[in-house]
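What the coordinates show
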Amino acid sequence: MATRNMLDMTCAEWFDLYRVELPELWKMIQENDDAKSFEKSIAEWLKKQLETNSFLQSQHEAADCLLELIAQSETPCLECSEDELIECKTLRQLWSGIREEGHANHPDFYHEIYRLFMQLQGQEGFSPFSADDVRLAIDRWPSGLDKEVIAIRDKNKARMIELLVEDLSAGSASAPPGRFRLNKDLTHEQKKHCVEQWWHDHRFQLAMAIRDPEKLNRYLGNTLPDAVMQRLRLAFEKEIPFFVTPYYLSLLNTTESGYDDRTIRDYIIYSDELIRNFGSIKAWEREDKINPEEGNAAGWLLPDASSVHRRYPEVAILIPDTMGRACGGLCASCQRMYGFQKGNLNFDLDTLKPQAGWLEKLGACLTYFENDSQLRDILITGGDALMSQNKTLRILLQEVLKMAIRKRETNQYRADGEKYAELQRVRLGTRLPAYLPFRITDELIGILREFREEGLKAGITQFVIQTHFQSPLEVTPEAVRGIRLLLSAGWVITNQLVFTVPASRRGHTAKLRQVLNENGVIGYYTFTVKGFEENEHLFVPNSRSVQEQLEEKSYGVLPEAAIKELLHILDSPKSLREAIPELTNAYNLPFIATDRSVMNLPGVGKSMSYRLAGFDQDGRRILAFSHDATRRHSPVIEHFPEVFIRERKSLGAYLRQLRAMGEDTDTYESIWKYRTAATEPRFRFYEYPSQPHPVTAKITNLAVSEHFY
């Protein structure tokens, strides 16, 4: 039976199917008079089957999974996202749902159990996704460089320029700076010419950003449905920030034909779940909850909770008190929505300009990096690092450079075996190459180039722009120009993707990798959407991430010879735009797979190493994550051997979303079998370079106490 039909079955229809296709299971349910004895019978039956040694590998995997589910039923687990003690009594729940009236399980629960037992019988029926399938799936998706897309965007831009002229002429625009005021004596064509010139100025785009739903709809040609407008008005009333530049809005397709823009549209049009929960959103990462005297949940003592975030020994995030606390737009899945809710991050650009005392605060934060024994990687983000003005960014980078030099010089007076890690990697976290590529100016490039030249002398060896393209539609001619400029400054550009439902469609992420590679950008992370209720609409079950990794991304895995070539190329970022396509052509690869699929755990760290621990009544998977074994962690993880997460939606609910988007759910059939996973190894470029000397084993700024576990 096709997946698309099973997605709509009722519980009664599932019971009928169990009787016909799973007769042994049905018989055991009927013969056992209580849930516990049924579970025991299943365990004994499975062990006998395994002893015969007649199972194929996939059957062994199903049997092992069932035995894990049975073992887990004896031990309650702490579900870490909600801090709730839950039970995973999956097979007992199955028995109760069938034998006891009023014990209601969702049909998606029975679908999961059916798939598991069919695999046990050797009838999983999963067709492999071939290299040809991947290439066809890639070809489904246009990029922002396609002529047809550019033509639609040009019409959008022309419409918006007319509206901008209208607003500026009527004085209804929100107080643009003097340089962007239209003289009343100008003709309409002269005004249009002015706005057309200003369009390419990032300051104009920020000044004219859309901040309310009525204007959003007007600039989209009044194409938003009434139901969507009602939702957005409610969001506005709840003070969820709206901030969309005309440039980024021009990427949306307002015609009834043409390209599918859902991946970027869902970043602008907020979901019911986000609107309902805004105001009560909690910090997903436990390390964002800080006890000043005892440190954060990862055990780290921090100089300033709003400016320094840390979970790992080698790296910490710096969020300076500048315009970098804003963004070029608000992504609906933003992992710092908690900060926007609190007001720590916002779009009040004038109030975010550095105030008196910001340099002293910055100095205290950088002193923390300087005096820490293990820190060697600083990620300057926000918000968005490139939202800071050039003058501010230059000062910030100069202060980072001074810190790196001081840390290096101080090490000369430390004995062998006691030397601290020196700064090796500087990263700027920014979405502006996608949101607002006009921000990448010659002056900015001069600042970045100068910092790299001086940083190399101070022992810094890696300079990374860590960006976020969500869709190949965001890779426009304007974005490509910005990428070229950043590469010309000698900085490597890496991309982080959030694996939302529309971004998770077959071939979409592969196409994004391909078009970014063709322009000199390599992948870094593919993130699972964090799973609180506000992000339920966009959440993708982790099994789809693993499916994408093994069935699509795998066709871009580099052989060893190609890895060595790419590592050599990355030493000269200026050549990446030409060299990466040459590499993919030489090895006949559709793209290069340098990114890792991970979930930001609400414990400590990132991982995609998990086992299935159970299902809830809605059919949502409960996963037990272990930590990424390929990197160092805070010693606090010794108290968190596993982190239990209940996913925000079932596979059935996810597949129904895909079907509503026009996807053939049969092509996702193998998603059911990915019940365990292991975190991919890091691409070697992302490993830290060797230090010029052995680093002390002493860990500073750490305070691990019982309140962490």
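Our structure is the block above this text.
Reading the values: the criteria
- Residues numbered from 1 in each chain as written.
- Predicted model: local features only at pLDDT ≥ 70, side-chain atom pairs only at ≥ 80, totals over all residues.
- Heavy atoms only, no water.
- Helix = DSSP H or I, 4+ residues; strand = E, 2+ residues; numbered from the N terminus.
- Rg over C-alpha atoms; globule rule 2.2 N^0.38 Å.
- Buried < 20%, exposed > 50% of the residue type's maximum accessible area, 1.4 Å probe, protein only.
- Contact = heavy atoms within 4.5 Å.
- Areas by Shrake-Rupley, 256 points an atom, 1.4 Å probe, with all protein chains shown as cover.
- Lys, Arg positive; Asp, Glu negative; His and termini not counted.
- Charge placed at Lys NZ, Arg CZ, Asp CG, Glu CD.
- Disulfide = S-S within 2.5 Å.
- Axes fitted to C-alpha atoms, helices over the stretch in contact; angles between N-to-C directions.
- Parallel < 35°, antiparallel > 145°, perpendicular 65-115°, else oblique.
- Left-handed = near helix turned anticlockwise from the far one by under 90°.
- Nonpolar A, V, L, I, M, F, W, Y, C, P; charged D, E, K, R; others polar.
- Arc of directions from axis to C-beta.
- Pairing = 2+ DSSP bridges.
- Core = buried A, V, L, I, M, F, W, Y, C linked by side-chain atoms within 4.5 Å.
- Polar contact = N/O pair within 3.5 Å; in protein donor to acceptor, adjacent residues only side chain to side chain.

Observations concerning the overall build of the protein chain
Broken down by element type, the protein chain carries 27 helices and 17 strands. Against the 2.2 N^0.38 benchmark of 27 Å for 709 residues, the protein chain shows a C-alpha radius of gyration of 27 Å, consistent with a compact globule. For the protein chain, the C-alpha atoms occupy an extent of roughly 85 × 70 × 50 Å along the three principal directions. Every one of the 709 residues in the protein chain was classed for burial, and the buried ones make up 61%. Sequence-distant contacts in the protein chain: of pairs separated by 6 or more residues, those separated by 24 or more amount to 78%. Carbon and sulfur atoms provide 49% of the accessible area of the protein chain, an area that totals close to 27,800 Å². Here the protein chain holds 88 positive side-chain charges and 102 negative ones, and the gap between their average locations is 5 Å.

Focus: the state of the cysteines
Counted under the stated rule, the structure contains 0 disulfides. There is no disulfide at Cys334, and the cysteine sulfur nearest it, in Cys327, is 6.0 Å away.

Section: the packing of helix α21 (residues 442-457) against helix α22 (residues 477-488)
The contact between α21 and α22 brings their axes to 9 Å, and the two run at 30°. Classified by the angle between their axes, α21 and α22 sit roughly parallel to one another. Considering how the two elements wind past one another, α21 and α22 form a crossing that is right-handed. Contact residues: α21 offers Asp442, Ile445, Leu448 and Arg449, while α22 offers Leu485, Leu486 and Ser488. When grouped by side-chain class, the residues that make up the contact of α21 with α22 number 4 nonpolar, 1 polar and 2 charged.

Focus: the packing of helix α3 (residues 23-31) against helix α4 (residues 35-51)
Where α3 meets α4, the closest approach of the two axes is 9 Å, and the angle between their N-to-C directions is 140°. Here the hand of the crossing between α3 and α4 comes out right-handed. Contacts from Glu24, Leu25, Met28 and Ile29 in α3 reach Phe38, Ser41, Ile42 and Trp45 in α4. Its residues assigned to classes, the contact of α3 with α4 comprises 6 nonpolar, 1 polar and 1 charged.

Some words on helix α2 (residues 11-21)
All of the buried residues in α2 are Trp14, Phe15, Leu17 and Tyr18. The buried residues of α2 all sit within an arc of 165° when viewed along its axis, so they share a single face.

Some details on the pairing of strand β12 (residues 596-600)
In summary, the side chains of a regular strand alternate between the two faces of the sheet. Within β12, 5 of the 5 residues are buried, which leaves the element mostly enclosed by the surrounding structure. Both faces of β12 are covered, namely the face carrying Arg596, Val598 and Asn600 and the face carrying Ser597 and Met599. With 3 bridges joining them, strand β11 (residues 522-528) and β12 adopt parallel strand pairing. By the bridge assignment for β12, Tyr525 is matched with Arg596. Across 2 bridges, the pairing between β12 and strand β13 (residues 606-607) is antiparallel. Within the sheet, the bridge partner assigned to Asn600 lies in β13 and is Lys606.

So, the sheet that holds strand β6 (residues 315-318)
With respect to topology, 9 strands assemble into an open sheet ordered β5-β6-β7-β8-β9-β10-β11-β12-β13, the strand pairing being mixed. At either margin of the open sheet sits one strand with a lone partner, and together these are β5 (308-310) and β13. Each of β5, β6 and β7 (377-380) is contacted by helix α18 (residues 358-370), which is oriented at about 175° to β6, the strand it contacts most. Taken strand by strand, helix α23 (residues 508-517) contacts β10 (492-499) and β11, and its axis lies near 165° from that of β10.

Considerations on the nonpolar core
Counting residues in hydrophobic clusters, the biggest one holds 161 residues, and the most contacted among them are Leu216 and Leu448. Counting residues per element, this core draws most heavily on helix α9 (residues 147-170), at 8 residues. Residues within four places of Leu216 in sequence aside, it is in contact with Ile210, Leu224, Leu232, Phe242, Leu249, Ile268 and Ile269. If you look at the next biggest cluster of nonpolar residues, it comprises 53 residues, including Cys65, Ile70, Tyr110 and Leu601.

Some words on the side chain of Ser250
Residue position: Ser250 is located in the loop between α14 (246-249) and α15 (262-268). Sequence-distant contacts of Ser250, defined by excluding residues within four places in its chain, comprise Arg153, Asn156, Lys157, Met160, Trp199 and Tyr259.

Brief notes about the side chain of Gln59
Along the polypeptide, Gln59 turns up in helix α5 (residues 57-72). Of note is the side chain of Gln59, whose polar atom sits 2.8 Å from the backbone oxygen of Leu120. Setting aside residues no more than four positions away along its own chain, Gln59 makes contact with Ser54, Gln119, Leu120, Gln121 and Gly122.

Regarding the pairing of β6
Side chains Val315 and Ile317 of β6 all project onto a buried face; the interleaved residues Ala316 and Leu318 project onto the opposite face, where all are buried too. Pairing of β5 with β6, which is carried by 3 bridges, proceeds in the antiparallel orientation. Among the inter-strand pairings, Arg310 is bridged to a residue of β6, identified as Ala316. Remark: 4 residues form the turn of the hairpin made by β5 and β6, two consecutive strands paired antiparallel. Sheet analysis places β6 next to β7, joined by 4 bridges and oriented parallel. Bridge pairing in β7 links Val315 to Asp377.

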